[in-house]
Amino acid sequence: MKENAPFFVGYLKIPAKLHGFLIKVSVIIFASFVAGAFLAGASQDDPGKAGFRFDFGRQKLKGVLEANPYPLLHVISGSDRIDAGQTIMLTAQGKSGIMTDTNALNGRVVEATGVIVRRGDLDMLQVLPGQRGIKPTNEASILPASEPLGRWRLQGEICDGKCLAGAMQPGRGLAHKACANLCLLGDIPPVFVSSKPVEGEEFLMVGGADGGMLPRELYHFVGQFVEIEANVERRGDLLVVLVEAENVKVIK
Amino acid sequence: MNEAEAVFLFVKIWSAVGTVIALVFLTVGIDRIDEDARGAYVFRLLLIPGILFLWPLVIWRWMILETGRDRWLNRHKPPREAHFWVAVLFAVAIPAIMLLGLSQRQQWPSEFEPQQLSVEQGEIQ
């Protein structure tokens, strides 16, 4: 270093010779951050309007619970926001699905209390913990029969239903893959977003080909755009696609 | 086994080993290497999550302290000689990773029409 060269010390007065240099560096760094933030934001797709609807208030629904592949409620007595006849997916708080033993309640009438997460016509009810969230009743019921819709080839993305419905923004895509897989590990219902509507539905709940939960092999494909060949069923007004890992491939 | 299943298996094995290490370290090891911990028990529960994640580091430090090879002055000396090259590496790697990610980005299949292959539920391949 030259003798008498100006030297910057943060807590001392700035040497006059360094003013110009520091201003230029500050402007360049600031502009770089603004440009970087803009480019990162502009390269992302618009997540759309979705989210928790705390403004709707706590919803109390009564319906028939279907346990598999993930807990569903076939609503028989709705609220001002959820109509009777609607089929709604159920989840719990955080990255957890329903903790209650839903298999024991399969086909029974229950009262479900919670908050709606909504994206377009995709609804999910985040229920309260324990019996405050899912409370069995003694009413008799018949579980609505599922209607087979045949075998389909679809393109789209497997997401976790809760983040997709608006619990996170954005709640899909490759950058969201790890979060989505953690949600799925917590037994939150997965949802397939189709490139175009299937029988009028853009969102389909996903289960395994055996009628159970999403197989672990399929976690590999979450957050990527994939093509699947699978059977589709209608459960109430919700479509369910039953997928096997061998029939899923990533779109190039 | 695909990548996701490999990650699950890795996490399971890592956590299982971490649980054993946590059990042994918190019941036997910590008393041997940290005299301040002797007779104190409740705080040990708080260490469990950290040990589950960092158990190789715990074993390494335990070995060093147990065998009396600890040189605490050296341990706290910052690795300054590496700073320049780490800074260069980050400056190159971060934009490169971002550009690679953007170049490999998939296109949403907006034109693809769902195809009904059969009205019957198909056989699983």
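Reading guide: rules and limits
Each chain has its residues counted from 1, running along the sequence as written. Both sets of labels track the order of writing: A upward for chains, 1 upward for ligands. Selection of residues for local features in this predicted model requires a pLDDT of at least 70, selection of side-chain atom pairs for listing and counting requires 80 or more, and totals for whole chains, interfaces and linings are taken over all residues. A run of H or I in DSSP becomes a helix once it reaches four residues, and a run of E becomes a strand once it reaches two; helices and strands are each numbered from the N terminus. As a reference, a globule follows 2.2 Å times the number of residues to the power 0.38, and the radius of gyration itself is taken over C-alpha atoms. For every residue, the other C-beta atoms within 10 Å of its own C-beta are counted; 20 or more classify it as buried, 12 or fewer as exposed, and values in between as partly exposed. C-beta atoms are placed from the backbone. Once C-beta atoms are placed from the backbone, any two residues with those atoms within 7 Å are in contact. Polarity classes work like this: nonpolar for Ala, Val, Leu, Ile, Met, Phe, Trp, Tyr, Cys and Pro, charged for Asp, Glu, Lys and Arg, and polar for all others, with Gly in that last group. Note on pairing: DSSP must find at least two bridges between two strands before they are called paired. Domain start and end points were adopted from an automatic or database domain assignment.

Here we take up the overall build of chain B. Counting secondary structure elements, chain B contains 4 helices and 1 strand. Counting helices and strands in the order they occur from the N terminus, chain B gives α-α-α-α-β. Radius of gyration (C-alpha) of chain B: 25 Å, far over the 14 Å computed for a compact globule of 125 residues. Dimensions along the principal axes, computed over C-alpha positions, put chain B at roughly 70 × 45 × 25 Å. The buried share of chain B, reckoned over its 125 residues, is 6%.

Let us look at the interface of chain B and chain A. Facing the 23 residues of chain B at the interface are 26 residues of chain A. Contributing elements (two or more residues each) for the side of chain B that touches chain A: helix 1 (3-33) and strand 1 (115-118) of chain B. Considering only residue class, the side of chain B that touches chain A consists of 10 nonpolar, 9 polar and 4 charged. Here strand 8 (residues 147-160) of chain A pairs with strand 1 of chain B via 3 bridges, running antiparallel. Along strand 1 of chain B, the bridge assignment pairs Arg153(A) with Gln115(B).

Attention now moves to the pairing of strand 4 (residues 87-91) of chain A. Here is the key point about a regular strand: its side chains alternate between the two faces of the sheet. Residue and element names in this part refer to chain A. With 5 of its 5 residues buried, strand 4 lies for the most part within the structure. Burial along strand 4 is two-sided: Thr87, Met89 and Thr91 and Ile88 and Leu90, pointing in opposite directions, are all buried. In the sheet, strand 3 (residues 72-77) pairs with strand 4 via 3 bridges, with the strands oriented antiparallel. Looking across to strand 4, one finds that histidine 74 is bridged to threonine 87. Relative to strand 6 (residues 122-127), strand 4 runs parallel, the two sharing 3 bridges.

Right, let's talk about the domain arrangement of chain A for a bit. Residue and element names in this part refer to chain A. Structurally, chain A comprises domain 1 (50-136) and domain 2 (147-250). Using C-alpha coordinates to define each centre, domain 1 is positioned 19 Å away from domain 2. The interface is formed by 22 residues belonging to domain 1 together with 25 residues belonging to domain 2. Within the residue set of the side of domain 1 that touches domain 2, elements represented by two or more residues are strand 1 (50-52), strand 3, strand 4, strand 5 (109-119) and strand 6. Counted by class, the side of domain 1 that touches domain 2 contains 9 nonpolar, 9 polar and 4 charged residues.

All names here are of chain A. For isoleucine 76, the position within the fold is in strand 3. Sequence-wise, isoleucine 76 and serine 141 are 65 residues apart; in three dimensions their C-alpha atoms are separated by 10.0 Å. Leaving out residues up to four positions away in the same chain, isoleucine 76 has contacts with Lys62, Gly63, Val64 and Ala84.

Time to look at the environment of Gly173(A). All names here are of chain A. The residue glycine 173 is located in the loop between helix 3 (161-167) and helix 4 (177-185) in this model. A residue is classified by how many C-beta atoms lie within 10 Å of it, and glycine 173, with 19 of them, is partly exposed. In the structure, glycine 173 is positioned 14 residues away from cysteine 159 in sequence and 8.0 Å away in space, judged by C-alpha atoms.

Once that is clear, we can look at unusual backbone geometry. When glycine is set aside, most residues are seen to have a negative phi, and most peptide bonds are trans. Residue and element names in this part refer to chain A. That bond from asparagine 68 to proline 69 is cis: its omega, 5 degrees, falls within 30 degrees of zero. Checked against the element boundaries, proline 69 lands in the loop between strand 2 (59-66) and strand 3. Cis peptide bonds are those with omega within 30 degrees of zero, and the linkage from glutamine 169 to proline 170 qualifies with -5 degrees. With respect to the helices and strands, the residue proline 170 is situated in the loop between helix 3 and helix 4. Of note in the backbone geometry, aspartate 187 takes a positive phi value of approximately 70 degrees without being a glycine. Locating aspartate 187 in the fold gives a position in the loop between helix 4 and strand 9 (190-198). Under the C-beta neighbour-count criterion, aspartate 187 is labelled partly exposed, with 19 such atoms within 10 Å.

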